[in-house]
Amino acid sequence: MTVAVVVFPGSNCEHDVVHALRLLGGEAELVWHRDDDLAGADAVVLPGGFAHGDALRTGAIARFSPVMTEVGRMAEAGAPVLGICNGFQVLCEAGLLPGAFIANRDLRFVCAMVDVEVTDTGTILTAGASEGRRLRIPLNSYEGNWVDPTRRGRVVMRYTDDPNGSQDRAAAVANAAGNVVGIMPHPERAVEAIIGSEDGRILLEGFLASVPQATRA
Amino acid sequence: MNVTVTIRRRAVIADPHGATVARALADLGHTGVRSLRIDRTIHLDVDGDDPETVRGQVAAMCEQLLANPVLEDYEITVQP
């Protein structure tokens, strides 16, 4: 059970993700975005940051990184694929999740603990939580304002407040199958009481539980 | 050939930067601004001398990278 954590130029949360997953008993390894395979990983995380400096649009360049071909193949095969913050933006640009991101409604970079509510437990991120469960996790983004004109998006977590104008107060969105999930706040930064919250654990533990055991020799 | 691409966010999608600039204009006494949207303009110099061929190439660039099909439309002007 290995999770590949992709590093794009400009990613800055990859070590937090690896730390959190290992703390929770998972195996996690960093994979460079130019690699065209995921070293046999059973699941993948696209971490937060500013891949390729957010040039043109957030995630617009990153979606063409060589590693994204394999990420797309895994998503199609039903493997767990999680995008956090900038990783969520990359998944939308890649067309693996519906919608797109624009600047926060008030043009403020939101750096705050926010409360989110689980509204759909049928995904690789929310399977361990009960519906209606409220979690307090940090949000750190300028372009966290998700829009989905087609309304195809499956909103699986909502902000209880409205910190950025995101449509339907969406904080996390899944594909129809529930194996590809994007979340704008950072569960990996809420896994130890000493840093302010442990509420991210239930999400990342659920994610790890969804990772199939390796069948390769 | 010189090509200008205007990337325009669709009217149904919010434009927080445009809304902020519109408020600033009103604060400065410029009343009567009914709507303000900020587009993105991209200038390219592309190999070739057939305008329609170049237009097709730039359209492919827009579809693949320059515009986000969820949010934006694009308009291509090839300079004569």
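1. Focus on the overall build of chain A
Secondary structure assignment for chain A yields 4 helices and 11 strands. Rg of the C-alpha trace for chain A: 15 Å, near the compact-globule value of 17 Å for 217 residues, within the 12% margin. Its C-alpha atoms give chain A principal-axis dimensions of about 50 × 35 × 30 Å. Taken over 217 residues, chain A has a buried fraction of 57%.

2. Points about the overall build of chain B
When you go through chain B residue by residue, the secondary structure sums to 2 helices and 3 strands. Its helices and strands in sequence order give chain B the pattern β-α-β-α-β, from N to C terminus. For chain B, whose C-alpha radius of gyration is 16 Å, the value lies well above the compact-globule estimate of 12 Å for 80 residues. Viewed in the frame of its principal axes, chain B has a C-alpha envelope of about 50 × 25 × 15 Å. Sequence separation of at least 24 residues holds for 68% of the intrachain contacts in chain B that already meet a minimum separation of 6.

3. Comments concerning the sheet that holds strand 2 (residues 40-45) of chain B
All names here are of chain B. Across the sheet, which stays open at both edges, the 3 strands sit in the order 2-1-3 with antiparallel pairing between neighbours. Looking at strand neighbours, the two that pair on one side only are strand 2 and strand 3 (72-78), the edges of this open sheet. Each adjacent strand pair in this sheet contributes to an overall mean axis angle of 20°, direction not counted. Direction of pairing for strand 1 (residues 2-9) relative to strand 2: antiparallel, over a ladder of 6 bridges. Paired with Val3 across the two strands is Leu44, which belongs to strand 2. In the packing of helix 2 (residues 51-66) onto the sheet, contacts are made with strand 1, strand 2 and strand 3, and the angle to strand 3 comes to roughly 155°.

4. Notes on the environment of A:Glu188
All names here are of chain A. Secondary-structure assignment places Glu188 in the loop between strand 11 (180-183) and helix 4 (201-210). As a C-alpha pair, Glu188 and Gly53 span 135 residues in sequence and 22 Å in three-dimensional space. The residues contacting Glu188, other than those within four sequence positions of it, are Cys13, Asp16, Val17, Ala20, Ile84, Gly200 and Leu204.

5. Things to note about the interface of chain B and chain A
In this complex, chain B contributes 10 residues to the contact, which on the side of chain A involves 12 residues. The greatest single-element share of the side of chain B that touches chain A, amounting to 3 residues, is contributed by helix 1 (residues 16-27) of chain B. Looking at side-chain class alone, the side of chain B that touches chain A contains 7 nonpolar, 3 polar and no charged residues.

6. Some remarks on unusual backbone geometry
Residues and elements named next belong to chain A. Positive phi values are uncommon outside glycine, yet Cys85 reaches one of about 55°. Residue placement: Cys85 occurs in the loop between strand 4 (81-84) and helix 3 (86-93). Accessibility expressed as a C-beta count within 10 Å gives 27 for Cys85, which makes it buried.

7. Here's the deal with helix 1 of chain B
Under the 1.5 Å per step criterion, the end-to-end length of helix 1 of chain B is 17 Å for 12 residues, consistent within 8% with the ideal 16 Å. B:Gly29 sits one or two residues past helix 1 of chain B and shows a positive phi near 95°.

8. Observations concerning the sheet that holds strand 6 (residues 110-118) of chain A
Residues and elements named next belong to chain A. Taking strand neighbours across the sheet as the criterion, the 9 strands line up as 2-1-3-4-11-10-9-6-7 in an open arrangement whose pairing is mixed. Pairing within the sheet leaves two strands with one partner each, and these edge strands are strand 2 (27-32) and strand 7 (134-141). If you compare each strand with its neighbour and ignore which way they point, the axes differ by 25° on average. Direction of pairing for strand 4 relative to strand 11: parallel, over a ladder of 4 bridges. Among the inter-strand pairings, Ile84 is bridged to a residue of strand 11, identified as Ile183.

9. Notes on helix 3 of chain A
All names here are of chain A. Across the 8 residues of helix 3, 8 count as buried, placing the element largely inside the fold. Turning to helix 3, its buried residues are Asn86, Gly87, Phe88, Gln89, Val90, Leu91, Cys92 and Glu93. Taken together, the buried residues of helix 3 touch strand 3 (43-46), strand 4, strand 5 (100-102) and strand 11. Phi turns positive, to about 80°, at Gly95, one or two residues after helix 3.

Criteria and thresholds
- Residues numbered from 1 in each chain as written.
- Chains lettered and ligands numbered in written order.
- Predicted model: local features only at pLDDT ≥ 70, side-chain atom pairs only at ≥ 80, totals over all residues.
- Helix = DSSP H or I, 4+ residues; strand = E, 2+ residues; numbered from the N terminus.
- Rg over C-alpha atoms; globule rule 2.2 N^0.38 Å.
- Buried ≥ 20, exposed ≤ 12 C-beta atoms within 10 Å, placed from the backbone.
- Contact = placed C-beta atoms within 7 Å.
- Pairing = 2+ DSSP bridges.
- Axes fitted to C-alpha atoms, helices over the stretch in contact; angles between N-to-C directions.
- Nonpolar A, V, L, I, M, F, W, Y, C, P; charged D, E, K, R; others polar.
- Expected span 1.5 Å × (residues − 1).

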